[in-house]
Amino acid sequence: MRYGIISDVHANLEALNAVLERLNDVDAILCPGDIVGYGANPNECCAILRDLGATIVLGNHDAVCVGRMDIEWFNPHAQAAALWTAEHLAKQHSDYLLDLPLVERRQEFVVVHGSLAAPPEFEYITGPSQACRSFADMGEYALCFVGHTHVAEFYAQRIGNSGADQTLVPSPIKVRIKPGFHYIVNCGSVGQPRDGIPLASCGVYDTDSGTVEIIRVEYDIETAQAKMRDSGLPEVLWQRLEFGM
Ligand code: ZN
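Rules used throughout
Residues numbered from 1 in each chain as written. Predicted model: local features only at pLDDT ≥ 70, side-chain atom pairs only at ≥ 80, totals over all residues. Heavy atoms only, no water. Core = buried A, V, L, I, M, F, W, Y, C linked by side-chain atoms within 4.5 Å. Buried < 20%, exposed > 50% of the residue type's maximum accessible area, 1.4 Å probe, protein only. Helix = DSSP H or I, 4+ residues; strand = E, 2+ residues; numbered from the N terminus. Donors = N, O, S within 2.8 Å, 3.2 Å for Na, K, Ca; no water. Pairing = 2+ DSSP bridges.

## Considering the nonpolar core
Core analysis: the largest hydrophobic core is formed by 51 residues, its most contacted members being Ile6, Val19, Leu23, Ile35, Leu49, Leu97 and Tyr219. Per-element accounting of this core gives the leading share, 6 residues, to helix H1 (residues 13–22). The next biggest cluster of nonpolar side chains, apart from the first, holds 21 residues, and it includes Leu30, Leu143, Ile177 and Phe181.

## Here's the deal with the coordination of the zinc ion
Every protein donor of the zinc ion is listed here as Asp8 (OD), His10 (NE2), Asp34 (OD) and His150 (NE2), and their distances to the metal cover 2.1 to 2.2 Å. All donors to the zinc ion come from one chain, and their sequence spacing reads D-x1-H-x23-D-x115-H. You can see His10 sitting in the loop between strand E1 (2–5) and H1 and its partner His150 sitting in the loop between strand E6 (143–146) and strand E7 (153–158), a full 140 residues away along the chain. The two residues His10 and His150 agree in class, both being buried.

## Comments concerning the pairing of strand E11 (residues 200–206)
Summarising burial for E11: 7 of the 7 residues are buried, a large majority. Burial of E11 is two-sided: the residues Ala200, Cys202, Val204 and Asp206 facing one way and the residues Ser201, Gly203 and Tyr205 facing the other way are all buried. With 4 bridges joining them, E1 and E11 adopt antiparallel strand pairing. Across the sheet, Arg2 pairs through a bridge with Asp206, a residue of E11. As paired elements, E11 and strand E12 (residues 211–217) share 7 bridges and run antiparallel to each other. Across the sheet, Gly203 pairs through a bridge with Ile214, a residue of E12. In this structure, the hairpin formed by E11 and E12 is closed by a connection of 4 residues, where Gly210 is found at a positive phi of approximately 65°.

In short, the description is geometric, and any link to function would need to be established separately.
And the structure:
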């Protein structure tokens, strides 16, 4: 079984389409949240992921855009984008986002947006201490897919140990899932990468080979920016796409 991991799409249709074209041979799609917010195509991105039958969890931007979380948590640019999204999101898609679960558990992995330690608060896993809190809640699961930070990296912990190792993955890399360890993997952001590389970031989890591959994909950044600009979304949000920050 091969899963495509598509996180933090943020209504960037050009990036989503490019990533899906690259992942055209996977069996299923996992999405650790934030389908909408920031970008100009929230309805199209929701429709595509629904039609694919993707396993999706709620992200904090999805939550704010449909009123499941207070907008006060956001900075002014994110607030402006959330208000724009709420105004333009079709009811069928906002209803869909309203029903998304916070956590999805499958036989061999878990999917959550921020962290397993406190899903409704959308904690950011940015270092081993936060990762360890999620490892403590992983139980028997070998693998947990997260998003939220928009930075591709993974954490590994020997099952039964208390510490965790953190590895940033600035270039394409294959993570081998070793027996006796468990892993928290962030495959980066499709629609708004923040690691200084503007390419869309995604992943492939291959259960046969026991690997997670982080992949970077070129997409039409200029078109995505032009749509955001023409929609009146904040300049800082569309300018950052070309810098991957
Ligand atoms: Zn996000």
